[in-house]
Amino acid sequence: MPSDQSIDIAFSVPFTHRLRVTEDVAGDDFHVLRDLIDGGDAGPAKVLLVVESQVGQANPESVRIGQKLNASDGIDLVTAPIIMNGGEAIKNSTDCVKDLLTQINAHSLDRRSYIVAIGGGAMLDAVGCAAAIAHRGIRLVRLPTTTLAQADSGVGVKNAINYFDKKNWIGTFAVPWAVVNDTSLLESLPDRDFCSGFSEAVKVSLLKDESDFRWLCDHAQAIQQRDMPIAKRAIHRSCMLHLRHITEGGDPFEMQEARPLDFGHWSAHRLEPLTDYEIRHGEAVAIGVAIDCFYSSMKFGLREADAMSVCECLCGMGMQLWHDAVDPIDRLLEGLEEFRQHLGGRLTITMLRGVGNPINVHEVDPAVMRSSIEKLREVSANFCASSS
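Residues numbered from 1 in each chain as written. Predicted model: local features only at pLDDT ≥ 70, side-chain atom pairs only at ≥ 80, totals over all residues. Heavy atoms only, no water.

Asks: Explain the packing of helix H13 (residues 281-299) against helix H14 (residues 304-316) to me, using residue names and the numbers behind them.
Replies: When two helices pack together, their arrangement is captured by the angle between the axes and the distance separating the axes. Packing of H13 against H14 leaves a shortest axis separation of 8 Å and a crossing angle of 170°. One finds that H13 runs roughly antiparallel with respect to H14. Where H13 approaches H14, its residues Ala286, Val289, Ala290, Cys293, Phe294 and Ser297 are matched on the opposing element by Glu304, Ala307, Met308, Val310, Cys311 and Leu314. Its residues assigned to classes, the contact of H13 with H14 shows 10 nonpolar, one polar and one charged. (Axes fitted to C-alpha atoms, helices over the stretch in contact; angles between N-to-C directions. Helix = DSSP H or I, 4+ residues; strand = E, 2+ residues; numbered from the N terminus. Parallel < 35°, antiparallel > 145°, perpendicular 65-115°, else oblique. Contact = heavy atoms within 4.5 Å. Nonpolar A, V, L, I, M, F, W, Y, C, P; charged D, E, K, R; others polar.)

Given below as structure tokens:
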């Protein structure tokens, strides 16, 4: 027998990504959520319900969901809803994850149990982190309550909390059992959070679909005014573009260098901790996307008119494109190295040759990047009111 016993066997693991879109999951559409939960031969399915505190206070739908789960045959709601804070602050310590692990252990949840989480993207991130590591994975059903989470992160496979003052430093990849995007859960969302969530829709359209980007530009004001038929279309289209990339792009767990869905995020992830997370993720992404569009225009042939259209679109949706924390620029540029470390290996970021024509680049010209940021400073003063 040869002395070399090295064996490499490639294999794949089947996953099913379940997305449901509803209008009133706490009312006539409750059956959609109920049908996702099945205890099988083991008897009633154990369910732990986790609700973001701000959502529970402002949106009675979350209370009704808990009541209906508790009254459903075949479901064992193991305790009263667990109330947790939302916003980025929940990700800035390990407390949320530890508290959820304690609840999971106390109520003997296992891999065939369910955690139903109702909240915004940051809260879903933290809950998902706990669900993914308990017993190496408990079934997670996400009910996103923000436009950003419904358009992007709700269908994502990443779960994390922040650590060392770095975004998403502790985390794991795990496919949610299901995601329910329900329109009624957006009703209590403040205007600032409603509008800023659409930066991810602009981002993914720039990467994937020029016609979709033009449609968003044409309907930016309607989105800012919360025209719900228009907003719902924008959310669903963004959600589907993200979901298809995850399920069909060939790299759902980001094992390769390229991370196209993080277009504009190297600076956004740096900007958030620089403002002590006062800036919303969607607002930071809007600034980051605008910066990288100007850089793409200066370096890779994206038409300057298209970069300007991006700024007009984002501002038309109600977002601002500047924050005082962008200065000093050298401090912001440190985000490039943090981004490289987060991925591992050489720096790989996505830029644009044109709308719908992304490219991966491995080097950034610091002088041109500074010029791009200065260009945004100038443009933002004309298009949007400055934020500080």
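Asks: Account for the confidence of the model for the chain, naming residues and giving values.
Replies: A residue-level look at the chain finds 97% of positions with pLDDT of 70 or above and a mean pLDDT of 92. Helix H2 (residues 53-58) is the least confidently modelled element of the chain, averaging 83 in pLDDT, while helix H9 (residues 210-218) averages 98, the highest of any element. (pLDDT = per-residue confidence, 0-100.)

Asks: Give a description of the pattern of salt bridges that names residues and reports values.
Replies: Any two side chains of opposite charge can pair, given that their charged atoms come close. This structure, assessed with the given rule, holds 27 salt bridges. For Asp306, the salt bridge identified is with Arg214, shortest N-O distance 3.0 Å. Linking Asp306 in helix H14 with Arg214 in helix H9, this pair joins segments that are 92 residues apart in sequence. Relative accessible area serves as the criterion here: at 26%, Arg214 is assigned to the partly exposed category. Salt bridges sharing partners connect three or more residues here, namely Glu88, Lys91, Asp125, Lys167 and Glu272. (Salt bridge = Lys/Arg side-chain N within 4 Å of Asp/Glu carboxyl O. Buried < 20%, exposed > 50% of the residue type's maximum accessible area, 1.4 Å probe, protein only.)

Asks: Before we move on, could you go through the pairing of strand S8 (residues 166-173) and cite the residues and values that matter?
Replies: Bridging between strand S7 (residues 158-163) and S8 involves five bridges; their strand directions are antiparallel. Counted as the bridge partner of Ala160 is Gly171 from S8. Linking two consecutive strands that pair antiparallel, namely S7 and S8, is a turn of two residues; a positive phi of about 55° is found at Phe164 within it. (Pairing = 2+ DSSP bridges.)

Asks: Outline the packing of aromatic side chains, supporting the account with residue identities and numerical values.
Replies: One pass over the full model with this rule turns up six aromatic pairs. Between Phe194 and Phe198, the aromatic rings sit 5.6 Å apart at their centres with planes inclined by 55°, giving tilted as the arrangement. An identical accessibility class is assigned to Phe194 and Phe198; each is buried. Through successive ring pairs, a cluster of aromatic residues spans Tyr163, Phe164 and Trp169. Between the NZ or CZ atom of Arg139 and the centre of the ring of Trp177, over which it lies, the distance is 4.1 Å. Taking the ring centre of Phe194 as reference, the NZ or CZ of Arg226 above it sits at 4.2 Å. (Phe/Tyr/Trp six-rings, centres within 6.5 Å; stacked < 30°, edge-to-face > 60°. Lys NZ or Arg CZ within 6 Å of the ring centre and 35° of its normal.)

Asks: With reference to specific residues and values, describe the state of the cysteines.
Replies: Working definition: the covalent bond between the sulfur atoms of two cysteines is a disulfide. On inspection of all chains with the given rule, the structure shows zero disulfides. Of all cysteine sulfurs in the structure, the one in Cys217 sits closest to Cys313, which takes part in no disulfide; the separation is 4.0 Å. On the accessibility criterion, Cys313 (2% relative accessible area) is buried. (Disulfide = S-S within 2.5 Å.)

Asks: Go over the side chain of Thr22, please, and point to the residues and values.
Replies: Position of Thr22 relative to the elements: it lies in strand S1 (residues 19-22). Leaving out residues up to four positions away in the same chain, Thr22 has contacts with Asp29, Val32, Val180, Asn181, Asp182 and Thr183.

Asks: Could you give me a rundown of the pairing of strand S2 (residues 45-52), with the residues and numbers involved?
Replies: Burial analysis of S2 places seven of its eight residues in the buried class, which makes it a mostly covered element. Two strands pair when backbone bridges link them, and S2 and strand S3 (residues 75-77) are joined in this way by three bridges, in the parallel orientation. Following the sheet pairing, Val47 is matched in S3 by Leu77. In terms of strand pairing, S2 meets strand S5 (residues 114-119) through five bridges, oriented parallel. Across the sheet, residue Leu49 finds its bridge partner in S5, namely Val116. Pairing of S2 with strand S4 (residues 82-84), which is carried by three bridges, proceeds in the parallel orientation.

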